[in-house]
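# Structural overview
In case you want the letters, here they are:
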Amino acid sequence: MATGKPVALIAMGNPYVLRNFPTVTAYLATYSTVAPSEVAVVRALFGEINIHGRLPVTIPGQARYGDGLQVQATHPIKVSGATQ
């Protein structure tokens, strides 16, 4: 972050990790540390699946309960004729 380049933070399990990195450009929380969550966050970052969600908590000074976003997949993967 000291370089001034944009930084995206991925929080696996605990959304309050953001409090330690107040200057990140983007933030994504999975609320879980299990393997399917790890796979999902990588697929989301590569644009293979939609990103959507709302914070179920307030992170004081940074984000409020209900803040969130929706981003459509840019490179969805087709499996058996269906888009995932």
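All of these numbers come straight from a predicted model, not from anything done at the bench.

Further remarks concern the overall build of the chain. Looking only at helices and strands, the chain has 1 helix and 6 strands in total. Here the C-alpha coordinates of the chain stretch approximately 45 × 30 × 20 Å along the principal axes. For the chain, with 84 residues in total, the buried portion stands at 19%. Here the contacts in the chain between residues at least 6 apart in sequence split such that 31% fall between residues at least 24 apart. Surface accessibility of the chain: about 6000 Å² in total, with carbon and sulfur atoms responsible for 58%.

The grouping of Val42, Leu45 and Phe46 at the surface amounts to a nonpolar patch, some 320 Å² of accessible area in total. Relative to the helices and strands, Val42 is located in helix H1 (residues 35-45).

The next thing to look at is the environment of Ala8. Mapped onto the elements of the fold, Ala8 is located in strand E1 (residues 8-11). Take Ala8: its relative accessible area is 54%, and that puts it in the exposed class. Each C-alpha atom of the pair Ala8 and Val39 lies 17 Å from the other, and the pair is 31 residues apart in sequence.

Take Met12: it is sitting in the loop between E1 and strand E2 (26-29). On the basis of relative accessible area, Met12 is assigned to the partly exposed category, the value being 29%. Considered as a pair, Met12 and Tyr27 are 15 residues apart in the sequence and their alpha carbons are 11 Å apart. Contact partners of Met12, with chain neighbours within four places excluded, come to Thr30, Ser32, Thr33, Ser37, Glu38 and Val41.

Of all hydrophobic cores here, the largest spans 6 residues; its members are Leu9, Leu18, Val24, Leu55, Ile59 and Ala63. The contact partners of Leu18, leaving out residues within four places of it in the chain, are Leu9, Val24, Tyr27, Ile59 and Gln62.

With that settled, the discussion passes to the pattern of salt bridges. Evaluated as defined, the whole model comprises 2 salt bridges. Notably, a salt bridge pairs Arg64 with Asp67, separated by 3.8 Å at the nearest N-O pair. When its relative accessible area of 59% is taken as the criterion, Arg64 is described as exposed.

Residue-level pLDDT values for the chain average 89, and 93% of them are 70 or greater. Model confidence for the chain, summarised as mean pLDDT per element, is weakest for strand E6 (residues 82-83) at 54 and strongest for H1 at 94.

Each value, and the rule that gives it
Residues numbered from 1 in each chain as written. Predicted model: local features only at pLDDT ≥ 70, side-chain atom pairs only at ≥ 80, totals over all residues. Heavy atoms only, no water. Helix = DSSP H or I, 4+ residues; strand = E, 2+ residues; numbered from the N terminus. Buried < 20%, exposed > 50% of the residue type's maximum accessible area, 1.4 Å probe, protein only. Contact = heavy atoms within 4.5 Å. Areas by Shrake-Rupley, 256 points an atom, 1.4 Å probe, with all protein chains shown as cover. Patch = residues over 30% accessible without salt bridge, like charges linked within 9 Å, V, L, I, M, F, W, Y side chains within 5 Å. Salt bridge = Lys/Arg side-chain N within 4 Å of Asp/Glu carboxyl O. Core = buried A, V, L, I, M, F, W, Y, C linked by side-chain atoms within 4.5 Å. pLDDT = per-residue confidence, 0-100.

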